[in-house]
Amino acid sequence: MKAKKADAAAKPAKAKDGAAEAKPVKAKKVAQPAEGRKPNALQQPLQPSEDLAAVVGSDKLARGEAVSKVWAYIKEHKLQNPKDGREILADDKLGKVFGKSKVTMFEMNKHLAQHLK
């Protein structure tokens, strides 16, 4: 009897709903299309406008890569509002892309889409 109790104590407790503990998800790079296949909308290489090129570079890049580079720029220059992390306080370069001095992270993709053709 004592052996069974020790085995039960060694096993991790399960959640009541039977689900395992959630593990953090790592960000993935934008997938490249398979050989001979047409890239989907997120993989399609797009040319950034001059204003956006000042932030992400002038080479063609996928929409997901552009968003990643803008986020890297935002974090590098500490442009997130410290009181509200969802808000981005644009500097001169991002102000030209966004068209205003403050945008939320949810508005950002709408503004970036206008600068990728």
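Not measured: the values here are computed from a predicted model.

What counts and how
Residues numbered from 1 in each chain as written. Predicted model: local features only at pLDDT ≥ 70, side-chain atom pairs only at ≥ 80, totals over all residues. Heavy atoms only, no water. Helix = DSSP H or I, 4+ residues; strand = E, 2+ residues; numbered from the N terminus. Contact = heavy atoms within 4.5 Å. Areas by Shrake-Rupley, 256 points an atom, 1.4 Å probe, with all protein chains shown as cover. Salt bridge = Lys/Arg side-chain N within 4 Å of Asp/Glu carboxyl O. Buried < 20%, exposed > 50% of the residue type's maximum accessible area, 1.4 Å probe, protein only. Arc of directions from axis to C-beta.

**Looking at the overall build of the chain**
Link 1 in the chain: Counting its secondary structure elements, the chain contains five helices and two strands.
Link 2 in the chain: Looking at the chain alone, contacts between residues at least 24 apart form 30% of all its contacts between residues at least 6 apart.
Link 3 in the chain: When the accessible surface of the chain is split by element, carbon and sulfur atoms take 54% of a total near 9,400 Å².

**Some thoughts on the pattern of salt bridges**
Side-chain pairs of opposite charge can arise where the charged atoms are in close proximity.
Link 1 in the chain: Counting across every chain of the model gives two salt bridges.
Link 2 in the chain: One salt bridge in this structure joins aspartate 84 and arginine 86, with 3.2 Å as the shortest N-O distance.
Link 3 in the chain: We classify arginine 86 as partly exposed; its relative accessible area is 49%.
Link 4 in the chain: For lysine 100, the salt bridge identified is with glutamate 107, shortest N-O distance 2.9 Å.
Link 5 in the chain: Here lysine 100 falls in the partly exposed class, since its relative accessible area comes to 38%.

**Here's the deal with unusual backbone geometry**
Link 1 in the chain: Backbone geometry at lysine 78 places phi at a positive 50 degrees, although glycine is not the residue there.
Link 2 in the chain: Mapped onto the elements of the fold, lysine 78 is located in the loop between α3 (63-76) and β1 (87-89).

**Examining helix α5 (residues 105-113)**
In an α-helix, one turn spans 3.6 residues; hence positions three or four apart end up facing the same way.
Link 1 in the chain: Within α5 the residues assigned to the buried category are Met108, His111 and Leu112. Looking straight down α5, one finds that the buried residues subtend no more than 95 degrees of arc, so they occupy a single side.
Link 2 in the chain: On the buried face of α5, the contacting elements are α2 (50-56), α3, β1, α4 (92-98) and β2 (102-104).

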